[in-house]
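The residues making up each chain are set out below.
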Amino acid sequence: MKTVDYYQEKAQSLHNEGYNCAQSALIAYEELLPDFDRPTLVRISEGLGAGIGGHKGTCGAITGSAILLSLLTASGDVEHNLSKQKTYELAGTLVNRFEETCGSTTCATLRGEDKENGEPLLSCAQCINHAIAISADLIKEQHLQ
């Protein structure tokens, strides 16, 4: 696995090219997902941008990162699913750490769109960087790569 800086720079480049926050956070790690090509990753995360479909709900950087962690941990076996609990715990840890670090998990709050003064907590770029760093930590901690 490469450095956090590498993945953050790749995610920022993707975001600057027009990929949404979810796509940027997910596709930055595409080399860890050899079973999925970029067009597939783009398609599965497209609807998660701007807080899921533009509703300013859960930050796209979080949801894209949750997809990443799911793809790295889920067995894909619904009948004999031994991975679901671990995947849920990992995604939950991602959300908890993001909220602790960033002050919220909601796109509108992070962008300052639900406050009277309209001051953002963080930019999309900062949210992506935090999600990338948290994902990297979880990948290392869980020995997923």
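Structure's up top.
Residues numbered from 1 in each chain as written. Predicted model: local features only at pLDDT ≥ 70, side-chain atom pairs only at ≥ 80, totals over all residues. Heavy atoms only, no water.

Another aspect to go through is the packing of aromatic side chains. For the structure on display, the rule yields 2 aromatic pairs. Ring plane angle 80° and centroid distance 5.2 Å describe the contact between Tyr6 and Tyr7, whose orientation is recorded as edge-to-face. Look at Tyr6 and you get partly exposed, because its relative accessible area is 31%. On the accessibility criterion, Tyr7 (0% relative accessible area) is buried. Pairing Tyr7 with Tyr29 gives two aromatic rings, centres 4.2 Å apart and planes at 20°, and the pair type is stacked. Of this pair, Tyr7 sits in helix H1 (residues 4-17) while Tyr29 sits in the loop between helix H2 (21-27) and helix H3 (38-45); the two residues are 22 residues apart in sequence, bridging distant segments of the chain. Take Tyr7 and Tyr29: they sit in the same class, and that class is buried. What links up through ring pairs into an aromatic cluster is the set Tyr6, Tyr7 and Tyr29. (Phe/Tyr/Trp six-rings, centres within 6.5 Å; stacked < 30°, edge-to-face > 60°. Buried < 20%, exposed > 50% of the residue type's maximum accessible area, 1.4 Å probe, protein only. Helix = DSSP H or I, 4+ residues; strand = E, 2+ residues; numbered from the N terminus.)

Among the secondary structure elements, Ala108 is positioned in helix H6 (residues 107-110). On the basis of relative accessible area, Ala108 is assigned to the buried category, the value being 12%. C-alpha of Ala108 to C-alpha of Ala50: the two residues are 58 residues apart in sequence and 8.6 Å apart in space. Once you skip the residues sitting within four places of it in the chain, Ala108 turns out to touch Lys56, Glu113 and Asp114. (Contact = heavy atoms within 4.5 Å.)

Attention now moves to the state of the cysteines. Here the structure, examined in full by the defined rule, presents 0 disulfides. Cys127 carries a free sulfur, and the closest cysteine sulfur to it, the one in Cys59, is 4.4 Å from it. (Disulfide = S-S within 2.5 Å.)

Attention shifts here to H1. A rise of 1.5 Å per residue sets the reference length of H1, with its 14 residues, at 20 Å; its end C-alpha atoms lie 20 Å apart and thus fit the reference within 8%. Of all the positions in H1, only Tyr7, Gln8, Lys10, Ala11, Gln12 and Leu14 are classed as buried. Where H1 is buried, its residues meet H2, H3 and helix H7 (124-141). Positive phi shows up at Gly18, right after H1, with a value of about 115°. (Expected span 1.5 Å × (residues − 1).)

Let us now look at H7. Since the α-helix advances by 3.6 residues per turn, residues separated by three or four positions end up pointing in the same direction. The first and last C-alpha atoms of H7 sit 26 Å apart over 18 residues, in line with the 26 Å expected at 1.5 Å per residue. Buried within H7 we find Cys127, Ile128, Ala131, Ile132, Ile134, Ser135, Ala136, Leu138 and Ile139. Contacts from the buried residues of H7 go to H1, H2, helix H4 (60-73), helix H5 (84-102) and H6. One or two positions beyond H7, positive phi appears at His143, with a value near 55°.

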